[in-house]
Amino acid sequence: TPVQDVRLYPLDSKTAAIGVSGGVITNSLSSSSLAFPAGALATTQQVRVTYLPNDGLPGGFPDGSVPMGFSSFQPEGVVFPQGKEVLWTVAYTGTLPVGTDTLCYWWDGKEERWRDPVPGKVVRLADGSKALQASVPHFSAYGHALPGVAGQRPGQDGDPIVGEANLLVAREAVAE
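Residues numbered from 1 in each chain as written. Predicted model: local features only at pLDDT ≥ 70, side-chain atom pairs only at ≥ 80, totals over all residues. Heavy atoms only, no water.

1. Quick word on the overall build of the protein
Here is the rule we go by: Note on conventions: DSSP H or I runs of at least 4 residues are helices, E runs of at least 2 residues are strands, and numbering of each starts at the N terminus. Accessibility here uses a 1.4 Å probe with only protein chains present; expressed as a share of the type maximum, an area under 20% marks a residue as buried, one over 50% as exposed, and anything in between as partly exposed. What makes two residues a contact is simply this: any of their non-hydrogen atoms within 4.5 Å. Exposure was quantified through the Shrake-Rupley algorithm and a 1.4 Å probe, taking into account, for residues, occlusion by the shown protein chains and nothing else.
Secondary structure summary: the protein contains one helix and 10 strands in total. Counting only residues that meet the buried cut, the protein has 41% of its 176 residues in that class. Across the protein, contacts joining residues at least 24 apart in sequence account for 62% of those joining residues at least 6 apart. Working note: accessible area of the protein is about 9,300 Å², and carbon and sulfur atoms make up 52% of it.

2. Section: the packing of aromatic side chains
Convention followed: The aromatic pairing rule takes the rings of Phe, Tyr and Trp, using the six-membered ring of Trp, and pairs them if the centres are within 6.5 Å, calling planes under 30 degrees apart stacked, those over 60 edge-to-face and the rest tilted.
For the structure shown, the criterion picks out nine aromatic pairs. With 5.1 Å between their ring centres and 80 degrees between their planes, F80 and F139 make a pair best called edge-to-face. Here F80 is found in the loop between β5 (67–74) and β6 (86–91), whereas its partner F139 is found in the loop between β9 (130–136) and β10 (141–145), with 59 residues between them in sequence. Measuring from ring centre to ring centre gives 6.3 Å for W88 and Y142, while their planes differ by 50 degrees; the resulting arrangement is tilted. With W88 in strand β6 and Y142 in strand β10, this residue pair connects regions lying 54 residues apart in the sequence.

3. Let's talk about the side chain of T89
Applied cut-off: Polar contacts, as used here, are pairs of N or O atoms within 3.5 Å; protein pairs need one atom able to donate a hydrogen and one able to accept it. Residues neighboring in sequence count only if both atoms are side-chain atoms.
By the element assignment, T89 lies in strand β6. Its relative accessible area of 13% is what places T89 among the buried residues. Among the polar contacts listed, one links the side chain of T89 to the side chain of Q133, at a separation of 2.9 Å. Apart from residues lying up to four places away in sequence, T89 is in contact with S31, S32, S33, L125, A131, L132 and Q133.

4. Considering the nonpolar core
Convention followed: For our purposes a nonpolar core is just a set of buried Ala, Val, Leu, Ile, Met, Phe, Trp, Tyr and Cys residues, chained together by side-chain atoms within 4.5 Å.
Within the largest apolar cluster, 27 residues are counted, with the highest numbers of intra-cluster contacts made by L34, F36, V47, F80, W88 and F139. Broken down by secondary-structure element, the contributors of at least two residues to this core are β3 (32–36), β4 (45–51), β5, β6, β7 (101–108), β8 (113–124) and β9. With residues near it in sequence (within four places) discarded, F80 still touches F36, A40, L41, E85, V86, V136, P137, H138 and F139. Formed by nine residues, the second largest nonpolar core is a distinct cluster that contains L52, W107, A141 and A145.

5. Structural notes on the pattern of salt bridges
How we decide: Between Lys or Arg on one side and Asp or Glu on the other, a salt bridge is scored when a side-chain nitrogen of the former is within 4 Å of a carboxyl oxygen of the latter.
The final tally for this structure, using the stated rule, is five salt bridges. Close ionic contact of R113 with E111 constitutes a salt bridge, the shortest N to O distance being 2.7 Å. Taking relative accessible area as the criterion, E111 reaches 45% and is therefore assigned partly exposed. For R115, the salt bridge goes to E111, with nearest N and O atoms at 3.6 Å. Three or more residues are tied together by salt bridges with common partners; here these are D108, E111, R113, R115 and D116.

6. Description of the side chain of K130
Residue placement: K130 occurs in strand β9. Residue classification places K130 among the buried residues on the basis of a relative accessible area of 18%. At a separation of 2.7 Å, a polar atom in the side chain of K130 contacts the main-chain carbonyl oxygen of L96. Sequence-distant contacts of K130, defined by excluding residues within four places in its chain, comprise A91, Y92, G94, T95, L96, V98, V122, V123 and R124.

The structure is reproduced here in structure tokens:
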């Protein structure tokens, strides 16, 4: 019986206990981290952050944009109080300039689709490197999308908005 090819991906994950006072967890390659503010969790939880390659995405982003960074956070479904969202930082070596807005979609496993993006941004870290950052309101798999859809705004009922300046930068980045 013919069998379809199977693609395996090495999981780069790390698990740590995070309590009510907050904390930071970084995966083993230091390419993806989560910073928990005090009060984000009501009890101590074992938290896992897993960085995956972009070709490991379970499906395309709804706006057709290009993925730039992808991580999975567990336990799945943990929701953070408003104002206590967790800051996700993922390494970025692309050409988008610091300050560029991005969209950060989350994977809805029940509906098997990317949903409701939160705003993200290209930032400069203290060590001088660039990264992608977004405040995530709950745990799931998240992916940063290359900006490129004019007339849509991040975080509004799944209808992202990207300014014309970011659209131009995104077109240049894709052309390279």
